[in-house]
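For reference, the chains in residue letters:
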Amino acid sequence: MIDPTLGEAAKQISGLRALIVITMPDCLLYGHWSAREHTFSVEDASGYFGDLIRANRRGLSAIGAWSQDMQVTIESADALVVLREIDEHFVCCTMFDREAPLGLVRLHLKQLIERLRTTLPQVQPEERPRGVRIIEFLDRYAPDSHAVLMRVATRTGIPVDSLRRAETLDAGQVAAMEEAAKRILGLDHLQI
């Protein structure tokens, strides 16, 4: 959870509805603050927005335009969502009222990022096993996620019980599981 002083700082920002801090590369919720009740799952939002940052990094790298100061801005009918990397381990997701001026949002976000850099811990993230990350990716994106382990088991011959303990799989099993995941999702590669 974020230091309580962050909530105090966030309250001072006009038009800010919510703040979510996401850990990278796993796209997990680190902490959040909200000005009012919300109807979305903060954990789900963390996963999707983290994946969006990861996809954005790859897209920008593909065209040779990747930058450390990269920012993603999403404008919807009722919200202005801005995602910005704090460092390689954390991403800041802010949700503003739609009427908030973009220039003012950028200024507030820059100040908030500086505060976050001094508040967040210095971490060396532990690399989670690739098999575990593949299963989590499938849970998030596969159609009929309740049956995805059975589908992977059928395609790979790996028992469902073994897939539930994906951290124990050997390299060959993980490679087979990744190929099955790509076929299930219709992707050339998994962004994990």
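Notes on the structure in this doc start here. Note that the structure is a prediction, hence the values are computed from the model and not measured.

### Description of helix H4 (residues 130–141)
Helix length check: H4 (twelve residues) gives 16 Å between terminal C-alpha atoms against 16 Å at 1.5 Å per residue, within 8%. Those residues of H4 not exposed but buried are Gly 131, Val 132, Arg 133, Ile 134, Ile 135, Phe 137 and Leu 138. Tucked into the core, H4 has its buried residues touching helix H5 (148–156), helix H6 (160–164) and helix H7 (171–185).

### Quick look at the packing of aromatic side chains
This structure, assessed with the given rule, holds three aromatic pairs. Summarising the aromatic geometry, the rings of Tyr 30 and Phe 90 are spaced 5.2 Å apart at their centres and angled 75° between planes, so their arrangement reads as edge-to-face. In this pair, Tyr 30 sits in strand E2 (residues 28–34) while Phe 90 sits in strand E5 (residues 90–97), placing the two residues 60 residues apart along the sequence. Here Tyr 30 falls in the partly exposed class, since its relative accessible area comes to 23%. Under the relative-accessibility criterion, Phe 90 is labelled buried at 3%. Between Tyr 48 and Tyr 141, the ring centres sit 6.0 Å apart and the planes meet at 65°, which makes this aromatic pair edge-to-face. One end of the pair, Tyr 48, is in helix H2 (residues 42–62); the other, Tyr 141, is in helix H4, with 93 residues separating them in the sequence. In this structure an aromatic cluster arises from ring pairing among Tyr 48, Phe 137 and Tyr 141.

Rules and cut-offs
- Per chain, residues are indexed from 1 in the order of the written sequence.
- Given that the model is predicted, a residue must reach a pLDDT of at least 70 before its local features are reported, and side-chain atom pairs must reach 80 or more before they are shown or counted; all residues, however, enter totals for whole chains, interfaces and linings.
- With hydrogens and water set aside, each side-chain value is computed from the structure's full complement of heavy atoms.
- Numbering of helices and strands starts at the N terminus; helices are DSSP runs of H or I of at least 4 residues and strands are runs of E of at least 2.
- Helix span is expected to be 1.5 Å times the residue number reduced by one.
- Exposure classes here rest on a 1.4 Å probe applied to the protein chains alone. A residue is buried below 20% of its type maximum, exposed above 50%, and partly exposed in between.
- Any two residues whose heavy atoms approach within 4.5 Å are treated as being in contact.
- Only Phe, Tyr and Trp rings take part, Trp by its six-membered ring, and two of them pair if their centres are within 6.5 Å. Stacked means planes under 30 degrees apart, edge-to-face means over 60, and tilted covers everything else.

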